[in-house]
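One letter stands for each residue in the lines below.
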Amino acid sequence: MNSNQVQIFDTTLRDGEQVPGCKLNTNQKLVIAEKLDFLGVDIIEAGFPVSSPGDFKSVTEISKLIKNATVCGLTRAVKNDIQVAADALKYAKRPRIHTGIGTSESHIKYKFNSSKEAIIERAIAAVSYAKTFVEDVEFYAEDAGRTDNEFLARVCEAVIKAGATVLNIPDTTGYCLPEEYGAKIKYLKENVTGIDKVILSCHCHNDLGLATANSIAGAMNGARQIECTINGIGERAGNTSLEEVVMILKQHPYLNLNTNINAKLLTEMSHLVSDSMGMMVQPNKAIVGANAFAHSSGIHQDGVIKNRETYEIINPADVGINESLIILTARSGRAAIAYRAKNIGYELTKLELDKVYPKFLDFADKKKEVIDADIHQIMKLTGVLKQIYA
Ligand code: KIV
Ligand code: ZN
């Protein structure tokens, strides 16, 4: 792997699907998995095979179907979980077992009623056992975000020795600040023997709205895998959003970090996941929200009509959207109405625009948004019927 390449690990079908009410059936998962493969994700986390017969079946079927990406199954640091995951992954071209255990004080004390030493032993045992089934074993140190760095480094060193190929450093509760999370990755890079043999992975939750920022901070400090979901869906406030990290790395080429994602398919992918799960994307969501390329204030519209780059840092075509939207509202100016009228065939002179504009404002004050049918109506009411094409 090129040292500037960031692997994209998609967990829409595992962490993403944990959202209440978003359960998918196997067929829906197969459609999404195939599209993720086509999108260019490097790893598809297909499910948690031991959790239910349905999840087992989905991971099995996805393993059979996927041609390019690594297919991954989640487990706890429990022998039976690992064995079941290995069984579900047996048809995969590139299988990966993702196993791990909580490493923070709170997980060790309250979840496991255990000790640091015993946790390290369980981590080693889980990785060693997973290694008897597959070469590619990813270890997660759950709640690494709140785990003291020194202990985390000891855990990492132990699982590298046991054969882990990827170390996942989850900010499970979305607690870290970007500087803190970046520093954690840097600390591991500098203090763990054998770290250069493995890939460090960011898995950040969005409880404080920092999941994407934390993942980018991780990559800037040496992580080479980012775990994310389409539309940022996931437990509670969600996971890192795939489309955001991909576009951040693309729009900041000086970072010299690349992904294999075909960004032109991002919008289509977002719609597929949103429709399949019945989970609407918030309109102001970065990259894939309905308003991400829509302009409604007069000042912005005037700028965008003159040159798109005045108010847009991404060309909508780069993420599979045909064009920026000029939304007509009471805050729109003459430039916007002239532009939208031209799009439906009315080339307005200055005089005509002077006639049309007050009528447009009447409409706009009564409605939230003035649509094409309203523009035709306005032209009729003001007598400006010179449509250059229908
Ligand atoms: O958030 C988390 O810690 C996880 C692990 C199970 C990888 O999802
Ligand atoms: Zn998670």
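As the structure is a computational prediction, the values presented were derived from the model and not from experiment.

A.B. asks: Just to check I follow, could you spell out the pairing of strand 3 (residues 70-74) for this structure?
C.D. replies: Consecutive residues of a regular strand have side chains that alternate between opposite faces of the sheet. Where burial is concerned, most of strand 3 is hidden: five out of the five residues are buried. Across the two faces of strand 3 the burial is the same, with Thr-70, Cys-72 and Leu-74 and Val-71 and Gly-73 all buried. Looking at chain direction, strand 2 (residues 43-47) and strand 3 are connected through four bridges and run parallel. What sits directly across from Gly-47, in strand 3, is Gly-73. Regarding the hand of the β-α-β motif, the stretch spanning strand 2, helix 2 (residues 53-65) and strand 3 is right-handed. With four bridges connecting them, strand 3 and strand 4 (residues 95-102) associate as parallel partners. Across the sheet, Val-71 pairs through a bridge with Pro-95, a residue of strand 4. Taken together, strand 3, helix 3 (residues 79-88) and strand 4 form a β-α-β motif whose crossover is right-handed.

A.B. asks: What is the right way to look at unusual backbone geometry in this model?
C.D. replies: What is expected of a backbone is that most residues other than glycine have negative phi and most peptide bonds are trans. Even without being a glycine, Asn-231 presents a positive backbone phi close to 65 degrees. Here Asn-231 shows up in the loop between strand 8 (225-228) and helix 9 (242-251). Of note, the phi angle at Ile-287 is positive, near 70 degrees, even though the residue is not glycine. Turning to its location among the elements, Ile-287 is positioned in the loop between helix 10 (266-277) and strand 9 (294-295). Ile-287 sits in the buried class, given a relative accessible area of 10%.

A.B. asks: What am I meant to see in the pattern of salt bridges here?
C.D. replies: A side chain of one charge can pair with a side chain of the opposite charge if their charged atoms are brought near each other. For the structure on display, the rule yields 29 salt bridges. For Lys-350, the salt bridge is made with Asp-354, and the minimal N-O distance between the two is 3.4 Å. One end of the pair, Lys-350, and the other, Asp-354, are both in helix 13 (residues 350-366), four residues apart, so they sit about a helical turn from each other. For Lys-350, a relative accessible area of 65% gives the class exposed. With a shortest N-O distance of 3.8 Å, Lys-359 and Asp-362 are connected by a salt bridge.

A.B. asks: Sorry if this is basic, but what is going on with the packing of helix 11 (residues 298-306) against helix 12 (residues 334-343) here?
C.D. replies: Any two packed helices are characterised by how steeply their axes cross, that is the angle between the axes, and by the distance between the axes. Direction vectors running N to C along helix 11 and helix 12 enclose 50 degrees, while the axes themselves pass 8 Å from each other. The angle between helix 11 and helix 12 falls in the class oblique. The way helix 11 lies across helix 12 gives a crossing that is left-handed. On the side of helix 11, the interface is formed by Gln-301, Asp-302 and Ile-305, while helix 12 contributes Ala-335, Ala-336 and Tyr-339.

A.B. asks: Help me understand the packing of helix 3 against helix 5 (residues 116-131), please; the structure alone is not making it clear to me.
C.D. replies: Between helix 3 and helix 5, whose axes approach to 10 Å, the crossing angle comes to 25 degrees. Considered as vectors, helix 3 and helix 5 are oriented roughly parallel to each other. Between helix 3 and helix 5 lies a crossing whose hand is right-handed. Each of Lys-79, Ile-82 and Gln-83 in helix 3 lies in contact with helix 5, whose residues at this interface are Ala-126, Tyr-129 and Ala-130.

A.B. asks: I keep staring at the coordination of the zinc ion (ligand 2) and nothing clicks. Help me out?
C.D. replies: Under perfect tetrahedral coordination by four donors, a metal shows angles of 109.5 degrees; under perfect octahedral coordination by six donors, it shows angles of 90 or 180 degrees. Within the protein, the atoms that donate to the zinc ion (ligand 2) are Asp-15 (OD), His-203 (NE2) and His-205 (NE2), at distances of 2.0 to 2.1 Å. All donors of the zinc ion (ligand 2) belong to a single chain; written as a sequence motif, their spacing is D-x187-H-x1-H. Here Asp-15 is found in the loop between strand 1 (7-10) and helix 1 (26-39), whereas its partner His-203 is found in strand 7 (residues 199-204), with 188 residues between them in sequence. A residue is classified by how much of its surface remains accessible, and Asp-15, at 3% relative accessible area, is buried.

A.B. asks: Help me understand the domain arrangement of the chain, please; the structure alone is not making it clear to me.
C.D. replies: According to the domain assignment, the chain contains domain 1 (7-277) and domain 2 (294-382). Distance between the C-alpha centres of domain 1 and domain 2: 44 Å. Between domain 1 and domain 2, the contact holds six residues from the first and seven residues from the second. Summed over both sides, the interface between domain 1 and domain 2 buries roughly 550 Å², with carbon and sulfur atoms accounting for 54% of that surface. For the domain 1 face of the interface with domain 2, the top three residues by lost area are Gln-251, Lys-264 and Thr-267, together amounting to 66%. The interface formed by domain 1 and domain 2 includes zero salt bridges. Taken together, domain 1 and domain 2 are joined by three residue pairs in polar contact (both at pLDDT 80 or more). Sorting the residues of the side of domain 1 that touches domain 2 by element identifies helix 9 and helix 10 as the ones contributing at least two each. Here the side of domain 1 that touches domain 2 is composed, by residue class, of three nonpolar, two polar and one charged.

Reading guide: rules and limits
- Sequence positions are assigned chain by chain, starting from 1 and proceeding in written order.
- Think of it this way: whatever chain is written first is A, whatever ligand is written first is 1, and the rest follow in order.
- Only residues with pLDDT of at least 70 are given local features in this predicted model, and only at 80 or more are side-chain atom pairs given and counted; all residues enter the totals for whole chains, interfaces and linings.
- Excluded from the side-chain calculations are hydrogens and water; all other atoms, namely the structure's heavy atoms, are used.
- A 1.4 Å probe rolled over the protein chains alone gives each residue an accessible area, and that area as a share of the maximum for its type sets the label: buried under 20%, exposed over 50%, partly exposed in between.
- Note on conventions: DSSP H or I runs of at least 4 residues are helices, E runs of at least 2 residues are strands, and numbering of each starts at the N terminus.
- Whether two strands pair comes down to DSSP finding at least two bridges between them.
- Orienting the strands away from the viewer, one traces the path from the first strand over the helix to the second; a clockwise path indicates a right-handed crossover.
- Salt bridges are defined as contacts in which a side-chain nitrogen from Lys or Arg sits within 4 Å of a carboxyl oxygen from Asp or Glu.
- Axis definition: a line fitted to C-alpha atoms, limited for helices to the stretch in contact. Angles are taken between N-to-C directions and run from 0 to 180 degrees.
- Geometric relationships in this document are graded by angle, where less than 35 degrees denotes roughly parallel, more than 145 denotes roughly antiparallel, 65 to 115 denotes roughly perpendicular, and other angles denote oblique.
- The handedness criterion is simple: a crossing whose near helix is rotated anticlockwise from the far helix by less than a right angle is left-handed, and one whose near helix is rotated clockwise is right-handed.
- We call two residues in contact when some of their heavy atoms are within 4.5 Å.
- Each metal's donors are the N, O and S atoms within 2.8 Å of it, or within 3.2 Å when it is Na, K or Ca, and because water is not part of the set, sites may look incomplete.
- Those domain boundaries reflect an automatic or database domain assignment.
- For any pair of parts, buried area is found by adding up, for both, the accessible area (1.4 Å probe) each one loses once the two are put together.
- Contacts described as polar in this section are N or O atom pairs within 3.5 Å, which, within protein, must combine one atom able to donate a hydrogen with one able to accept it, while residues neighboring in sequence count only if both atoms come from side chains.
- Polar here means any residue other than Ala, Val, Leu, Ile, Met, Phe, Trp, Tyr, Cys and Pro, which are nonpolar, and Asp, Glu, Lys and Arg, which are charged; Gly is therefore polar.

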